[in-house]
Amino acid sequence: LLSTPEGEDKPRKYPVLFHGADAVAITKTDLLPHLGTRLDAYAESVRRVNPHAPLFPLSARTGDGIDALAHRRVRRRRQVCGRPGPATAPPSPPS
């Protein structure tokens with residue numbers, strides 16, 4: 001996760017966190033106009049450390065990017081586990 005208020009230089013400060021990532025979610029993109037920066041500055045910073053990870057710009061406020069990230073998670077789970085996972089949460093254990 002790369003939160004826009006933390007700054008676009010985070011991947012350069014903490015390259016180990018981003019180098020091995022198989023995807024990067026850039027959160028709080030709706031704040032970019034207030035931060036005086038652009039999404040491509042964050043993307044470029046990630047690309048310097050990890051040129052292959054797909055980027056998912058997200059805004060919980062508008063919902064932008066949430067579906068794409070969710071679909072990526074399902075596809076990745078199928079690749080790793082060979083199954084999509086439960087459609088609902090598992091039942092709670094009896095008390």
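These numbers were taken from a predicted model, which means no experiment stands behind them.

K.L.:
How do you make sense of the pairing of strand β2 (residues 24–27) when you look at a structure like this?
P.N.:
Side chains on a regular strand alternate between the two faces of the sheet. The alternating pattern of β2 places Val24 and Ile26 on one face and Ala25 and Thr27 on the opposite face, and all of these are buried. Strand direction decides the pairing type here: strand β1 (residues 2–3) and β2, joined by 2 bridges, are parallel. Opposite Leu2, over in β2, you have Ile26 as the bridge partner. Two elements, β2 and strand β3 (residues 55–57), share 3 bridges in a ladder whose sense is parallel. Counted as the bridge partner of Ala25 is Phe56 from β3.

K.L.:
Which parts of the structure should I look at to understand unusual backbone geometry?
P.N.:
Note: most residues except glycine have negative phi, and most peptide bonds are trans. Its identity as a non-glycine residue notwithstanding, Lys28 has a phi of 60 degrees, on the positive side. A residue is classified by how much of its surface remains accessible, and Lys28, at 43% relative accessible area, is partly exposed.

Thresholds, definitions, all that
Residues numbered from 1 in each chain as written. Predicted model: local features only at pLDDT ≥ 70, side-chain atom pairs only at ≥ 80, totals over all residues. Heavy atoms only, no water. Buried < 20%, exposed > 50% of the residue type's maximum accessible area, 1.4 Å probe, protein only. Helix = DSSP H or I, 4+ residues; strand = E, 2+ residues; numbered from the N terminus. Pairing = 2+ DSSP bridges.

Read these as geometric descriptors, not functional statements.
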